[in-house]
Amino acid sequence: MVNQTYELVLHSLPDFNFLAFVFFATICSYSFHWYLTPDIITITSSRLKWLEKNRNVHAILFLAGLIGAFIYSLFLIKKWPWLLFSVFVTFLYSAPKIPHPFFRSLRKFALGKTVFLAFSWMYVTTILPIKVSGHEWQNDFYIFAASRFFFIYAICILFDYRDREYDRSIGIRSLITWLNERGIANLFAFSLFLFALSTLLMLRYDYDYLTISILFVPGIIVAILYKIATKNFSDTLYYFVLDGLMALSSLLTLLPGI
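Keep in mind that what you see is a predicted model, and the values were worked out from it rather than measured. (Residues numbered from 1 in each chain as written. Predicted model: local features only at pLDDT ≥ 70, side-chain atom pairs only at ≥ 80, totals over all residues. Heavy atoms only, no water.)

Draft legend 1. Spatial organisation of the overall build of the chain. Within the chain, the secondary structure is distributed over twelve helices and zero strands. Across the chain, helices and strands are ordered from the amino to the carboxyl terminus as α-α-α-α-α-α-α-α-α-α-α-α. For the chain, with 258 residues in total, the buried portion stands at 46%. Counted over contacts in the chain with a minimum sequence separation of 6, partners at least 24 positions apart contribute 71%. With an accessible surface of roughly 13500 Å², the chain has 70% of that area assigned to carbon and sulfur atoms. (Helix = DSSP H or I, 4+ residues; strand = E, 2+ residues; numbered from the N terminus. Buried < 20%, exposed > 50% of the residue type's maximum accessible area, 1.4 Å probe, protein only. Contact = heavy atoms within 4.5 Å. Areas by Shrake-Rupley, 256 points an atom, 1.4 Å probe, with all protein chains shown as cover.)

Written out as structure tokens, the structure is:
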């Protein structure tokens, strides 16, 4: 996804040090988040049950990711304010899981937790590459960032829908635990509408029809899968199909002739 931003928006090769930083930072943040989730075995998921029994793996990956991210951040030291902001936003998503009264209290005010997650994905894969490259900011960057954010947010809504009973059981509040079925469907549809609108607006900035079509493909698939995803909570659907859709347009961009 970072590479796609370099190719479609910046029209340049990606910075290896930045790619390595994102790789290790992602491992670090994911491991941190799941290590702090001690009772996920209540969820019917073979993947999550395995993670629950192997928390030591999280600890090892967290340390490896932390060390790797720190080392490669040294090559980007002039960009640290932008990097630290991404760390802060990512931390906000996992903070309510930290076993401390102050952080546990954040569960009551976590209505925007999915927004933090979607924004973190968008920021790291869209805004951060632009800032690290030192490229002068352009208006089409706002449109591309909006397209990516609302697409990722639509997928995050489905993950929150799947986890809403678990979130309620441990006191985490979110828009999805607060809204009823119709409200969730409307929020999902509105997010995809904004994704489609912002993607189409990219045509005003000389993005060709093929590029726009590639960006649309995963959005169309997510829309089709909504009813299925609200009834089928299998690991394959969520951790392979839906998670994979976030990177699908990036992979299509790599095809010859694109």
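Draft legend 2. Up close: the packing of aromatic side chains. Here the structure, examined in full by the defined rule, presents 20 aromatic pairs. Between F23 and F24, the ring centres sit 5.2 Å apart and the planes meet at 80°, which makes this aromatic pair edge-to-face. Residue class for F24 comes out partly exposed when judged on its relative accessible area of 23%. With a centroid separation of 6.0 Å and 40° between ring planes, the pair formed by Y72 and F75 is classed as tilted. A residue is classified by how much of its surface remains accessible, and Y72, at 22% relative accessible area, is partly exposed. Taken together, the aromatic side chains of F16, F23, F24, Y72 and F75 make up a single cluster linked through ring pairs. Positioned above the aromatic ring of Y238, the side-chain terminus of R162 is 5.1 Å from the ring centre. (Phe/Tyr/Trp six-rings, centres within 6.5 Å; stacked < 30°, edge-to-face > 60°. Lys NZ or Arg CZ within 6 Å of the ring centre and 35° of its normal.)

Draft legend 3. Main features of helix 11 (residues 209–229). The first and last C-alpha atoms of helix 11 sit 29 Å apart over 21 residues, in line with the 30 Å expected at 1.5 Å per residue. The principal kink in helix 11, of about 30°, is found at A223. Turning to helix 11, its buried residues number three or more, namely T211, I212, I214, L215, F216, P218, G219, V222, L225, Y226 and A229. N-capping of helix 11 is provided by D208, with a side-chain oxygen placed 3.1 Å from the backbone N of L210. (Expected span 1.5 Å × (residues − 1). Bend = angle between axes of the 7 residues up to and from the residue. Polar contact = N/O pair within 3.5 Å; in protein donor to acceptor, adjacent residues only side chain to side chain.)

Draft legend 4. Layout of empty space enclosed by the protein. Under the defined criterion, the tally for this structure stands at two cavities of 30 Å³ or more. Residue assignment for the lining of the largest cavity shows that the elements contributing at least two residues are helix 8 (139–169), helix 11 and helix 12 (235–253). Per element, the largest residue contribution to the lining of the largest cavity is five residues, and it comes from helix 8. Tallied by class, the residues present in the lining of the largest cavity amount to eight nonpolar, three polar and one charged. (1 Å grid on protein atoms, 1.4 Å probe; cavity = no way out; pocket = protein on both sides within 12 Å on 5 of 7 lines; lining within 4 Å. Points joined across faces, edges and corners; volume = space filled by probe spheres on them. Nonpolar A, V, L, I, M, F, W, Y, C, P; charged D, E, K, R; others polar.)

Draft legend 5. Focus on the nonpolar core. Of all hydrophobic cores here, the largest spans 60 residues; its most connected members are F18 and L242. With 15 residues, the top contributor of residues to this core is helix 8. Filtering out sequence-adjacent residues up to four positions away, F18 remains in contact with V2, Y6, L76, L83, V124, L128, P129 and V132. (Core = buried A, V, L, I, M, F, W, Y, C linked by side-chain atoms within 4.5 Å.)

Draft legend 6. Just a nonpolar patch on the surface, in detail. A cluster of nonpolar side chains, namely I67, F70, I71, L74, F75 and I77, defines an oily patch on the protein surface of about 610 Å² accessible area. For I77, the position within the fold is in the loop between helix 4 (55–73) and helix 5 (80–94). (Patch = residues over 30% accessible without salt bridge, like charges linked within 9 Å, V, L, I, M, F, W, Y side chains within 5 Å. Salt bridge = Lys/Arg side-chain N within 4 Å of Asp/Glu carboxyl O.)

Draft legend 7. Region of the structure containing the environment of L48. Relative to the assigned elements, L48 resides in helix 3 (residues 46–53). Along the backbone, L48 and W34 are 14 residues apart, and their C-alpha atoms lie at a distance of 9.0 Å.

Draft legend 8. Highlighting unusual backbone geometry. The phi torsion at H11 lies on the positive side, around 55°, for a residue other than glycine. Checked against the element boundaries, H11 lands in the loop between helix 1 (2–10) and helix 2 (16–35). Judged by its relative accessible area of 63%, H11 falls in the exposed class. Positive phi values are uncommon outside glycine, yet D206 reaches one of about 65°. Mapped onto the elements of the fold, D206 is located in the loop between helix 10 (181–201) and helix 11. Here D206 falls in the exposed class, since its relative accessible area comes to 78%.

Draft legend 9. Here's a closer look at the packing of helix 11 against helix 12. Remark: helix 11 packs on helix 12, axes separated minimally by 8 Å, with the N-to-C direction vectors making an angle of 165°. Put simply, helix 11 runs roughly antiparallel to helix 12. Once helix 11 is placed against helix 12, the crossing between them reads as right-handed. Along the contact surface, helix 11 presents I214, L215, V217, P218, I221, V222, L225, I228 and A229, while helix 12 presents L237, Y238, V241, L242, L245, L248, S249, L252 and T253. Grouping the constituent residues of the contact of helix 11 with helix 12 by class yields 16 nonpolar, two polar and no charged. (Axes fitted to C-alpha atoms, helices over the stretch in contact; angles between N-to-C directions. Parallel < 35°, antiparallel > 145°, perpendicular 65-115°, else oblique. Left-handed = near helix turned anticlockwise from the far one by under 90°.)

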